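# Coordinate inspection notes
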Amino acid sequence: MSYSIDFRRKVISTREEEGLSIRETAKQFRIGPASVSRWINQIASKASTTRQRKSDKSELIKDVEPYPDAYQKERAERFGVCQKAIWQALKKLGLTYKKNSMSSESRRKRPANISTKNTTV
């Protein structure tokens, strides 16, 4: 929870009128000195925006269906991003590759199992 703009202005004006230091002002209003210091430079808080992602989630899901055994590096080359971006997107989507405990020869006969975690927001 953030402080109101009116309160911030009052803190800054009191500091200037009484000639208090940042620590004295913070102690008087029982707030952190870092807050006072931040408010001196900028009273209003910055508006937050959503980050623009490099990979499209629906495209990634479409890529996983035909290539369930593909390495993250291969997917990264197809999407034109780094391997870590693919790893983070797969993790966020809850897509995991479940390895079978059987031998590698018997594993080839069965398709790869792709499970999705149920993510509720």
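These lines cover the structure that appears in this document, whether it is placed above or below.

What counts as what
Per-chain numbering applies: the sequence of each chain, read as written, is numbered from 1 onward. Two thresholds apply to this predicted model, a pLDDT of at least 70 for residue-level local features and 80 or more for giving and counting side-chain atom pairs, whereas whole-chain, interface and lining totals are computed over all residues. For the side-chain quantities, the full set of heavy atoms in the structure was used; hydrogens and water were omitted. Strands are runs of DSSP state E lasting at least 2 residues, helices are runs of H or I lasting at least 4, and numbering of each runs from the N terminus. The contact criterion used throughout is that any non-hydrogen atoms of two residues lie within 4.5 Å. Residue-level accessible areas treat just the shown protein chains as cover; the underlying method is Shrake-Rupley with a 1.4 Å probe. One side-chain nitrogen of Lys or Arg within 4 Å of one carboxyl oxygen of Asp or Glu is enough to make a salt bridge. With a 1.4 Å probe rolled over the protein chains alone, any residue whose accessible area is under 20% of its type maximum counts as buried; one over 50% counts as exposed, and the rest are partly exposed.

### Points about the overall build of the protein chain
Within the protein chain, the secondary structure is distributed over 7 helices and 2 strands. Scanning the protein chain from its N terminus toward the C terminus, one meets helices and strands in the order α-α-α-α-α-α-β-α-β. Across the protein chain, contacts joining residues at least 24 apart in sequence account for 37% of those joining residues at least 6 apart. For the protein chain, the accessible area works out to roughly 10,100 Å², and carbon and sulfur atoms hold 48% of it.

### Re the pattern of salt bridges
Across all of its chains, the model carries 3 salt bridges by this definition. Linking Asp63 and Arg75 is a salt bridge whose minimum nitrogen-to-oxygen distance equals 2.9 Å. Here Asp63 is found in helix α4 (residues 57-64), whereas its partner Arg75 is found in helix α5 (residues 72-79), with 12 residues between them in sequence. With relative accessibility at 3%, the residue Arg75 sits in the buried group. Overlapping salt bridges, with partners in common, bring together Asp63, Arg75 and Arg78 in one network.

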